[in-house]
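Observations on chain architecture
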Amino acid sequence: MASLKLSPSSPISIPKSSRYVGRRGVSFLVRAEQSPSSSSDIQDKCQRRRVVVTLGVVAPWISLLSKAPSSFAAESKKGFMTVSDNKDAYAFLYPFGWQEVVIEGQDKVYKDVIEPLESVSVNLIPTSKQTIKDFGPPKEIAETLVKKVLAPPNQKTTLIDASEHEVDGKTYYQFEFTAQARNYTRHALGIITVFNGKFYTLTTGANERRWEKMKDRLHTVVDSFKITV
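Residue positions within a chain follow its written sequence, with the count starting from 1. The model is predicted, so local features are restricted to residues of pLDDT at least 70 and side-chain atom pairs to those at 80 or more, both for listing and for counting; the totals for chains, interfaces and linings are taken over all residues. Only heavy atoms go into the side-chain values, all of them from the structure, while hydrogens and water stay out.

You can see D85 is positioned in strand β1 (residues 80-85). Relative accessible area decides the class of each residue, using a 1.4 Å probe on protein chains only: under 20% of the type maximum gives buried, over 50% gives exposed, and in between gives partly exposed. By relative accessible area, D85 is classed as buried at 8%. Side-chain atoms alone can form a polar contact between residues adjacent in sequence; in general such a contact is a pair of N or O atoms within 3.5 Å, and within protein one must be able to donate a hydrogen while the other accepts it. In terms of polar contacts, D85 uses its side chain to reach the backbone amide nitrogen of D88, at 2.8 Å. Contacts are assigned to residue pairs with any non-hydrogen atoms lying within 4.5 Å of each other. Filtering out sequence-adjacent residues up to four positions away, D85 remains in contact with Y90, D107 and K108. Secondary structure is summarised from DSSP: a helix means a run of H or I of at least four residues, a strand means a run of E of at least two, and numbering begins at the N terminus for each.

Printed below as a string of structure tokens:
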């Protein structure tokens, strides 16, 4: 196994468009157009104006949505918010209501202010490896991370599962573990990958006593993590 050296290192607001053609606007246009033309000609012209105005308002938003990245759709997932980091090229979801906090050595951290063990964090460290596979198989890498990085040395850790999957040509290792302290046990999920000279680690978890209630949401968080380029 290769040596693994790890050291702790807006939604779019769409304004309400005012109606371009209201009753007064239509009345004005009709008077301006009045001529020997028939009433049916006037109605046709007004209808054409409405179509042009409507297309003028809607078309830019259609264009925006068609060009938006896939994470745009993820923002609408009920009960979750989206984090998209363009600089470091990753994105993930976290449960609505969690608050962002700043922790030295972590790139992003969101947590529940009432249940502090319910959180998600992302850490990036430089690496010369080209893929996560260069470090070894999923179980070995996960055990090393859990024991030496993701839990304090005085906690008893247990690796429950580790697996590998690929998305858009990029390999990810995903794993589940527990870390037992003196007065609590944290049940956690993690996902790691390598891209563009960076080793990415996302971990999320909850107090064991709340695992059954939180596990589906936590799986959504870890499953949502993706490199975005």
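The subject of this paragraph is the side chain of K108. Looking at the secondary structure, you find K108 in strand β4 (residues 108-111). A polar atom in the side chain of K108 sits 2.9 Å from the side chain of D85. Apart from the residues within four sequence positions on either side, K108 is in contact with V83, D85, Y90, F92, E100, V120, S121 and V122.

So, on to helix α4 (residues 138-148). Those residues of α4 that fall on the buried side of the exposure criterion are P138, I141, A142, T144, L145 and V146. Where α4 is buried, its residues contact β6 (156-167), β7 (170-180), β8 (185-195) and β9 (198-207).

On to the sheet that holds strand β5 (residues 119-126), then. One bridge is not enough; two strands pair if DSSP finds at least two bridges between them. Spatially, 7 strands are ordered β3-β4-β5-β9-β8-β7-β6 in an open sheet, and the strand pairing comes out antiparallel. Where the open sheet ends on each side, the last strands, each with one partner, are β3 (99-100) and β6. The pairing of β5 with β9 spans 8 bridges and is antiparallel. Pairing of L124 across the sheet is with Y200, part of β9. Axes here refer to lines fitted to C-alpha atoms; in helices the fit is confined to the stretch in contact. Angles between the N-to-C directions go from 0 to 180 degrees. On the sheet, α4 packs against β6, β7, β8 and β9 and is oriented at approximately 135° with respect to β6. Contacting β5, β7, β8 and β9, helix α5 (residues 211-224) runs over the sheet at an angle of about 165° to β9.

Moving on, we get to the environment of T178. Looking at the element boundaries, T178 is found in strand β7. Given a relative accessible area of 13%, T178 falls into the buried group. Each C-alpha atom of the pair T178 and E208 lies 8.3 Å from the other, and the pair is 30 residues apart in sequence.

The next thing to look at is the confidence of the model for the protein chain. For every residue, the pLDDT score states the predictor's confidence, bounded by 0 at the bottom and 100 at the top. Taken as a whole, the protein chain shows an average pLDDT of 78; of its residues, 67% reach a score of 70 or greater. Below pLDDT 50 for its whole length, residues 7-40 participates in 26 contacts with residues either more than four positions away or in separate chains. The low-confidence segment residues 48-75, where pLDDT is below 50, has 21 contacts with residues more than four positions distant or belonging to other chains.

This part covers the nonpolar core. In these notes, a set of buried Ala, Val, Leu, Ile, Met, Phe, Trp, Tyr and Cys residues joined through side-chain atoms within 4.5 Å is what counts as a nonpolar core. Among the nonpolar cores identified, the biggest contains 24 residues, and Y90, F92, V120, L202 and F225 are the most heavily contacted of them. Elements represented by at least two residues in this core include exactly β1, β2 (90-95), β5, β8, β9 and α5. In terms of residue count, the dominant contributor to this core is α5 (5 residues). Not counting residues up to four positions away in its chain, the partners in contact with F225 are Y90, A91, F92, Y172, I191, T193, Y200 and L202.

Both β6 and β7 contribute to a ladder of 11 bridges, which runs antiparallel. The residue bridging D161 from the neighbouring strand is E176, located in β7. Linking β6 to β7, which pair antiparallel, is a turn of 2 residues; within it D168 sits at a positive phi near 50°.

Below, the discussion takes up unusual backbone geometry. Of note in this structure, A89 is not a glycine but carries a positive phi near 60°. Along the polypeptide, A89 turns up in the loop between β1 and β2. Residue A89 is classed as buried on the basis of its relative accessible area of 8%. Of note in the backbone geometry, D168 takes a positive phi value of approximately 50° without being a glycine. Here D168 lies in the loop between β6 and β7. A relative accessible area of 69% means that D168 is categorised as exposed.

Let us now look at the packing of aromatic side chains. Each Phe, Tyr or Trp ring, with Trp reduced to its six-membered ring, pairs with another whose centre is within 6.5 Å; inter-plane angles below 30 degrees give stacked pairs, above 60 give edge-to-face pairs, and intermediate values give tilted ones. Summed over the entire model, instances satisfying the criterion amount to 8 aromatic pairs. Centre to centre, the rings of Y90 and Y200 are 6.0 Å apart; their planes meet at 75°, and the pair counts as edge-to-face. Highlighted residues: Y90 in strand β2 and Y200 in strand β9, separated in sequence by 110 residues. For Y90, a relative accessible area of 0% gives the class buried. For the ring pair Y200 and F225, a centre distance of 6.3 Å and an interplane angle of 55° mean the geometry is tilted. A residue pair is termed long-range when its members are at least 10 positions apart, and Y200 in strand β9 and F225 in the loop between α5 and β10 (226-227) qualify at 25 residues. Using a relative accessible area of 0% as the deciding quantity, one classes F225 as buried.

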